[in-house]
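In case you want the letters, here they are:
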Amino acid sequence: MPSPLFADRPAARLPERDTLDAMIGRARRLRGDLDSMCRDAVAVDEDDPQQRWQRALWELAAHHLDDLGARLGQLREGPPPPAPDVVGRLAGAADGALAGEDRGPWSGRAGSAEWNLLDDGVAWSAELYEIFGRDVAAGPLSLDELPTVLVPEDQPLLTSMVTNCLIDGKPMDGEFRIRRPDGGTRTLHALGEPVLDPEGRTISLWAVLRDVSALTDSRRRVVRTRDSLHRQDDLARTEHRIAVELHEAVLPSRHGSPEPAPDAAHVMEVATHLLPSRVCGPAGGDLYDAMTLPDGRTLLTIGSLAGRGIPAASAMAMVLGALRGMAVAGIEPGALLTHLNQLLQASVQPALRSALCGLFDPSTGLLTWAQAEHPTPLLFRGGSGIPLPPPDGVLLGAVPRTAYGQETVRLLPGDVLLLRTDGVSPAAGRDAAPGELLRLAPRMARSRTAAECVRTVAEEFGGDARPVEGCVLIARITG
């Protein structure tokens, strides 16, 4: 029987045994390192698509390393001894294909077959019967019968591979799925070539079929987990975009000052700035507001919401709407926070961690303000700065039926009032103590607009290395 190879194909020169031993050793060491890293890894969170995808890649890498070691072992053992007939040759080929192969869970068993076109004879190796789950007494499957055990979708693929091999002399190389008698499905990889007689005519088809179900399953897990990760990333980007748009729609312009009353003795100029966080990203829960009320007073609000993204932005809209509505109704800052605390107690929205509300009367220059566990306002006047004594107030939503106090301070032309959230911090990431901000007093005195004052704070505490985002609101009084 001629060799199951094309006559014009040169034989490959096998590497030396010492070289193969060294390669096998490296493959085993890599496999051991992989096992060690997997043991040291933190348990996979099944709800985290990225961790599931990483685990699938680890398993696929383990599969390939196992398979590499097995194939190098086959090369080291060398080809099987020649057999006197087709059946003997095929049995020997199957034995050789399995020589040195790891029978662990990642291994793919291999068997060989030959279909004789002259006498319709078929010879299978014993391993091939095991792969197909077929009783040896039932005999091998012919080329006409073989498609009957394939899943319907893969039957045209096998027919095309066999036709191209027998008619056009093309090597057969492809995967298809079979259904075993026990109901299981296996994925096989077929490598085959036509066997030619001395005149170059095709007399048989010789093939090696390998069970690659484990490899295929591992590849599919990688694809599934990767697609799941991409879907989550797309969803996160969409939610982020919506949250940013909602955030920007709710908050007023960062450099828009309230419209002053025509007969106002004092004019309040307002500017704000959001300091980003690389850790948390934008669209967080910091809020601010500056609004002229019907009676001519100006409402100033700054606060921090618990939460991020769309929930925080929607809660921000609810909180600002409630504050504006109560302020328009003439409710003073202390009572305003008292009512807001009751509202948050009964709300399913994220709680407001802290807040500060103030009402500025431009006719008198008086600022009446209340706070709920919020960083104290800083007043800059004449090149120096002081923190304002805070009225009583606890965290909003923490204690029911709590009354909030309020304080009043007179603001003069040239004064700069700095309101902030606790994320206003230097690059080191810690909350800026009042003293760090008060050192900016000389620069505040030289600033001619509220926007210049904001730039001063941004230059000193800019960057994105803070654990949470920050917000600063500057109110500058002119005569």
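These figures come from a predicted structure and were not determined experimentally.

Quick notes on the rules
Residues numbered from 1 in each chain as written. Predicted model: local features only at pLDDT ≥ 70, side-chain atom pairs only at ≥ 80, totals over all residues. Heavy atoms only, no water. Helix = DSSP H or I, 4+ residues; strand = E, 2+ residues; numbered from the N terminus. Expected span 1.5 Å × (residues − 1). Buried < 20%, exposed > 50% of the residue type's maximum accessible area, 1.4 Å probe, protein only. Arc of directions from axis to C-beta. Pairing = 2+ DSSP bridges. Axes fitted to C-alpha atoms, helices over the stretch in contact; angles between N-to-C directions. Contact = heavy atoms within 4.5 Å. pLDDT = per-residue confidence, 0-100. Phe/Tyr/Trp six-rings, centres within 6.5 Å; stacked < 30°, edge-to-face > 60°. Salt bridge = Lys/Arg side-chain N within 4 Å of Asp/Glu carboxyl O.

Brief notes about helix α5 (residues 155-168)
With 14 residues, α5 extends 19 Å from end C-alpha to end C-alpha; this agrees with the ideal 20 Å at 1.5 Å per step. Along α5, the residues that are buried comprise Leu 158, Met 161, Val 162, Cys 165 and Leu 166. Relative to the axis of α5, the buried residues are bounded by an arc of 115° and lie together on one face. Away from its buried face, by an angle of more than 90 degrees, α5 presents the exposed residues Pro 156 and Ile 167. Within two residues after α5, Gly 169 carries a phi angle of roughly 75°, on the positive side.

Focus on the sheet that holds strand β4 (residues 185-196)
Read across the sheet, five strands follow the order β2-β1-β5-β4-β3 without closing on themselves; strand pairing throughout is antiparallel. On the outer flanks of this sheet lie β2 (122-124) and β3 (172-179), each paired with one strand and no other. Pairwise comparison of adjacent strand axes, ignoring direction, gives a mean angle of 25° for this sheet. Here three bridges tie strand β1 (residues 110-116) to β2, and the two strands are oriented antiparallel to one another. Each bridged residue has a counterpart across the sheet, and for Glu 114 the counterpart in β2 is Ala 123. Its contacts with the sheet put α5 on β3, β4 and β5 (202-211), and the angle it makes with β3 is roughly 145°.

Things to note about the confidence of the model for the protein
Do not read the predicted coordinates in detail wherever pLDDT is low. Across the protein, the average pLDDT comes to 79, with 73% of residues at 70 or higher. pLDDT under 50 marks residues 427-431. Its contacts with residues more than four places away, or in other chains, come to 11 contacts.

Here's the deal with the packing of aromatic side chains
Taken as a whole, this structure holds two aromatic pairs when the rule is applied. Centroid distance Trp 124 to Phe 132: 4.9 Å. Interplanar angle 35°. Geometry classified as tilted. Here the two residues Trp 124 and Phe 132 agree in accessibility, since each one is buried. Among the aromatic side chains, those forming a connected cluster through ring pairs are Trp 124, Tyr 129 and Phe 132.

Thoughts on the pattern of salt bridges
Scanning the entire structure with this criterion turns up 12 salt bridges. Put simply, Arg 201 and Glu 199 hold a salt bridge, and the shortest N to O gap is 3.4 Å. Where Arg 443 meets Glu 460, a salt bridge forms, and the shortest distance between an N and an O atom there is 3.8 Å. Placement of the pair is Arg 443 in helix α10 (residues 441-446) and Glu 460 in helix α11 (residues 450-461), with a sequence separation of 17 residues. Its relative accessible area of 27% is what places Arg 443 among the partly exposed residues. Since its relative accessible area comes to 41%, Glu 460 is described here as partly exposed.

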